[in-house]
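Inside the fold
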Amino acid sequence: MIGRREFGMASLSALALATANQAVFADKTSAKSHGSHQHASDHATSSCAEACSDCQRECESCATHCGHELAEGNKEHLETLETCRDCATICAAASQIVSRSGPFAVQICQACAEVCAGCAKACEKFPDDDHMKKCAKECRTCEKECRKMIGSADHARHG
C-alpha cells in the first residue's frame, strides 16, 4: 500500500513532468509560429551581409578607376573617388557586423544604406562610364538589402 508521503511525492513528480511537457510544447508551438519570422530575418541578414561585401569590392574597384581618371586629368572624378572609398569602408564594416549579428547591425545598416545612396548618386553622374554604372548599381542593391535587413530586424523586435 502507498503511504501519504509516497503519494504526495508521486503527485508532485507527475505535476512537474506535466508542467515540463507543457513548457516544451509551448516552446515548439512558439518556434513554429515565429519560425517564419526567424527564417526571414536570417535570410535578410545573410543577403544584406553578402550585398555589403559585394558593394565593398565594387566600390574599391571604382575608386581605383576614378584614380586613373584623375591621373588622366579628369578632375570631376575626385568626388566619386572619395565617395567610393568611404562607401567601401562602411560596407566592409557593415558586412562584418551584420554577418555576426552584432548589437549595432541595425545602426551600421542605416549608415550603410545612406552612404550607398550617396555613392550611387555620385556615380550616376557618369552614365556613359560602364565602370561607374556598375558601381552605382551595386550601391543601389546594397542600399536596398540594408533597408530590408533593417525592416526585418524591426519586425523581429516588434513581431
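Thresholds applied
Residues numbered from 1 in each chain as written. Predicted model: local features only at pLDDT ≥ 70, side-chain atom pairs only at ≥ 80, totals over all residues. Heavy atoms only, no water. Helix = DSSP H or I, 4+ residues; strand = E, 2+ residues; numbered from the N terminus. Buried < 20%, exposed > 50% of the residue type's maximum accessible area, 1.4 Å probe, protein only. Contact = heavy atoms within 4.5 Å. Areas by Shrake-Rupley, 256 points an atom, 1.4 Å probe, with all protein chains shown as cover. Salt bridge = Lys/Arg side-chain N within 4 Å of Asp/Glu carboxyl O. Expected span 1.5 Å × (residues − 1). pLDDT = per-residue confidence, 0-100. Axes fitted to C-alpha atoms, helices over the stretch in contact; angles between N-to-C directions. Parallel < 35°, antiparallel > 145°, perpendicular 65-115°, else oblique. Left-handed = near helix turned anticlockwise from the far one by under 90°. Nonpolar A, V, L, I, M, F, W, Y, C, P; charged D, E, K, R; others polar. Disulfide = S-S within 2.5 Å.

What follows is about the overall build of the protein. Per the secondary structure count, the protein includes 4 helices and 0 strands. Walking the protein from its N terminus toward its C terminus, one meets helices and strands in the order α-α-α-α. The 159 residues of the protein split such that 34% are buried. Taking the intrachain contacts of the protein between residues at least 6 apart in sequence as the baseline, contacts between residues at least 24 apart amount to 71%. As presented, the protein carries roughly 10000 Å² of accessible surface, and 56% of it is formed by carbon and sulfur atoms.

This part is about the pattern of salt bridges. This structure, assessed with the given rule, holds 8 salt bridges. Between Glu 58 and Lys 134 there is a salt bridge, and its shortest N-O distance comes to 3.8 Å. Taken as a pair, Glu 58 in helix H1 (residues 4–71) and Lys 134 in helix H4 (residues 130–158) lie far apart in primary sequence, 76 residues in all. For the salt bridge of Lys 133 with Asp 130, the shortest nitrogen-to-oxygen distance reads 3.6 Å. In this pair, Lys 133 and Asp 130 both sit in helix H4, 3 residues apart, roughly one turn of the helix. Relative accessible area serves as the criterion here: at 58%, Asp 130 is assigned to the exposed category.

Between its terminal C-alpha atoms helix H2 (residues 78–99) stretches 32 Å, which fits the 32 Å expected from 22 residues at 1.5 Å a residue. Regarding H2, the residues found buried are Thr 80, Leu 81, Cys 84, Cys 87, Ala 88, Cys 91, Ala 94, Ser 95, Ile 97 and Val 98. One or two steps after H2, the chain reaches Ser 101, where phi turns positive at roughly 50°.

Our next topic: the confidence of the model for the protein. With 70% of its residues at a pLDDT of 70 or more, the protein shows a mean pLDDT of 81. A low-confidence stretch, residues 10–38 (pLDDT under 50), is modelled with 3 contacts involving residues beyond four sequence positions or located in other chains.

Attention shifts here to the packing of H2 against helix H3 (residues 105–123). As a packed pair, H2 and H3 sit with axes 9 Å apart at the nearest point and diverge in direction by 155°. As far as their axial angle goes, H3 and H2 are roughly antiparallel. In the crossing of H2 with H3, the sense of the turn from one axis to the other is left-handed. Across the interface between the two elements, Glu 79, Thr 80, Thr 83, Cys 84, Asp 86, Cys 87, Ile 90, Cys 91, Ala 93, Ala 94, Ile 97 and Val 98 from H2 touch Ala 105, Ile 108, Cys 109, Ala 111, Cys 112, Val 115, Cys 116, Cys 119, Ala 122 and Cys 123 from H3. Residue classes in the contact of H2 with H3 are distributed as 18 nonpolar, 2 polar and 2 charged.

Bringing unusual backbone geometry into the picture now. The phi dihedral of Ser 101 is positive, around 50°, even though this residue is not glycine. The residue Ser 101 is located in the loop between H2 and H3 in this model.

Moving on: the state of the cysteines. This structure, assessed with the given rule, holds 0 disulfides. We note that Cys 87 lacks a disulfide partner, and the nearest cysteine sulfur, in Cys 116, lies 3.7 Å from it. With no disulfide of its own, Cys 116 lies closest to Cys 91 among cysteine sulfurs, the gap being 3.6 Å. Relative accessible area serves as the criterion here: at 0%, Cys 116 is assigned to the buried category.

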